[in-house]
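Working through the structure, step by step
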Amino acid sequence: MTMNGSGVADGFALGVGLTNACDLACAHCYRETERVDQLTLAEVTGVCECLPVRSVNLGTGENGLHPRYAEIVQALAARGVKLSLTSNGFTIERSSDETLRAFREVEVSIDFPTEREQDAFRGCGNWKRVMAAIERAQALGVTVTVLTVMMKTNFRRLSEIARVAFAAGANYRVNVYQPVKTDVFTLTYAEFWEGFRRLLGATRLVSTTEPILNAVLGAPFTNGSGCGRQTVRVSPKGDVIPCVYWSKSDLRLEDLPAQGPEGVLASPQFTRVRQVPDACRGCPFVATCHGGCAGRRELAGGVELADPYCPLVRGEKVALEWAPAAGRDLLKTGSACTTVVAPA
């Protein structure tokens, strides 16, 4: 089943926020905080009935704060979809062993390489909670990944955080900060490339779907970003969006039965995400890069513009020393603009 030229024969990578409630109030978070919204069990399972779904990631807020969290996890697991969870440690701590075993992967967020810095940024005790979550999930046989959002405050520290992750036996992946609510943490062009230069110089590259990085490396990874093509996000208030950072929606959960997968991909917002800037059309990497991160471009002024971190459109070159690592099958690599590295 190939729809709209997107190739989702094996189903969408679905991102779901059961709730936007969270026990923390991190300064860089994109979630809406004006009110608490949450999805029902019927709404979540209904998505899987309307769309072909290969995997589901639970993110946005702390899903363990949803009153029917465990029930929803078991219902999704019963459908045979591959499940992953992104958490600050709270949801993992509150999950029963049975619920945790339903996940193929769990991810915990670490922003700084020391307990003092992490707790100062996220809250007292977060470091110990995260480390306990890693240990517990691994003991239950669940794959663990440490996730860092690269931003102005930590872009020089990624290799140090990677060492923390590797020492704990976890995978390590990096997302680039997106200024959904504030640009205080936004990387400059120079900081973006310094961050990746430092990280790749100290580790080995497993994979990247960060479009601009992949292009600068010569496009060694051919999958590209799935945004607007192979991924669907459902917000806690029921909006259906192509990217977790996307603020506009023309679809809601109640529209899915009538729209189906073809209608979702043909909707104005999903079509907009796939728009390639005119400046990028002659680029040799456009088939995988698609003009860079659509969410970032939209936030920076519109998808009609080239990615602000692209050196190629500037007529510049960025030299990066890197070495490949063996591939790893991690669910989020197919549903986000992200970079995964391994020990050198």
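Shown above is the structure to which this text applies.
A short tour of the structure in this document, coming up. (Residues numbered from 1 in each chain as written. Predicted model: local features only at pLDDT ≥ 70, side-chain atom pairs only at ≥ 80, totals over all residues. Heavy atoms only, no water.)

Observations regarding the sheet that holds strand β7 (residues 203-208)
Threshold: In this scheme, strands are said to pair when DSSP sees at least two bridges between them. Think of it this way: any DSSP run of H or I at least four residues long counts as a helix, any run of E at least two long counts as a strand, and we number them from the N terminus. Whether two residues touch is decided by their heavy atoms; if any such pair falls within 4.5 Å, the residues are in contact. Each axis is a line fitted through C-alpha atoms, and for a helix only the stretch in contact is used; angles between axes span 0 to 180 degrees, taken between their N-to-C directions.
Taken in spatial order, the 10 strands line up as β7-β10-β6-β5-β4-β3-β2-β1-β8-β9 in an open sheet, and their pairing is mixed. Among the strands making up the open sheet, the edge pair consists of β7 and β9 (240-241). Bridge count for strand β3 (residues 82-87) against strand β4 (residues 105-109) is four bridges, and the pairing is parallel. Pairing of Thr-86 across the sheet is with Glu-107, part of β4. Along the sheet, helix α8 (residues 189-202) contacts β5 (143-150), β6 (171-176), β7 and β10 (339-343); its crossing angle with β7, the most-contacted strand, is approximately 115°.

Overview of the pattern of salt bridges
Rules: Any Lys or Arg side-chain nitrogen located within 4 Å of an Asp or Glu carboxyl oxygen qualifies as a salt bridge. Relative accessible area decides the class of each residue, using a 1.4 Å probe on protein chains only: under 20% of the type maximum gives buried, over 50% gives exposed, and in between gives partly exposed.
Using the criterion set out here, one finds 23 salt bridges in the structure. Residues Arg-157 and Glu-117 are paired through a salt bridge, measuring 2.7 Å at the closest nitrogen-oxygen approach. Of this pair, Arg-157 sits in the loop between β5 and α7 (158-167) while Glu-117 sits in helix α5 (residues 115-122); the two residues are 40 residues apart in sequence, bridging distant segments of the chain. For Glu-117, a relative accessible area of 16% gives the class buried. The salt bridge partner of Arg-281 is Asp-278, with a shortest N-O separation of 3.2 Å. Given the relative accessible area of 65%, Asp-278 is considered exposed. Through salt bridges with shared partners, one network takes in Lys-237, Asp-239, Arg-252 and Glu-254.

Comments concerning the environment of Pro-308
Here Pro-308 shows up in the loop between α13 (294-299) and β10. Between the alpha carbons of Pro-308 and His-28 there is a distance of 20 Å; along the sequence they are 280 residues apart. Apart from residues no more than four positions distant in its own chain, Pro-308 is found in contact with Tyr-189, Arg-296, Ala-300 and Arg-314.

Comments concerning the packing of aromatic side chains
Our working definition: Two rings from Phe, Tyr or Trp (for Trp, the six-membered ring) form a pair when their centres sit within 6.5 Å of each other. Planes less than 30 degrees apart are called stacked, planes more than 60 degrees apart edge-to-face, and all others tilted. A ring has a charge above it when a Lys NZ or an Arg CZ is no more than 6 Å from the ring centre and no more than 35 degrees off the ring normal.
By the definition in use, this model includes seven aromatic pairs. Geometrically, the ring pair formed by Phe-166 and Tyr-172 is edge-to-face, given 6.5 Å between the ring centres and 85° between the ring planes. In this pair, the class of Phe-166 matches that of Tyr-172, namely buried. Measuring from centroid to centroid gives 4.8 Å for Phe-192 and Trp-193, while their planes differ by 80°, and the two rings are edge-to-face. Accessibility assignment for this pair places Phe-192 and Trp-193 in one class, buried. Aromatic ring contacts, followed pair by pair, group Phe-112, Phe-121, Tyr-177 and Phe-185 into a single cluster. Above the ring of Tyr-189, the side-chain terminus of Arg-314 is found at 3.6 Å from the ring centroid.

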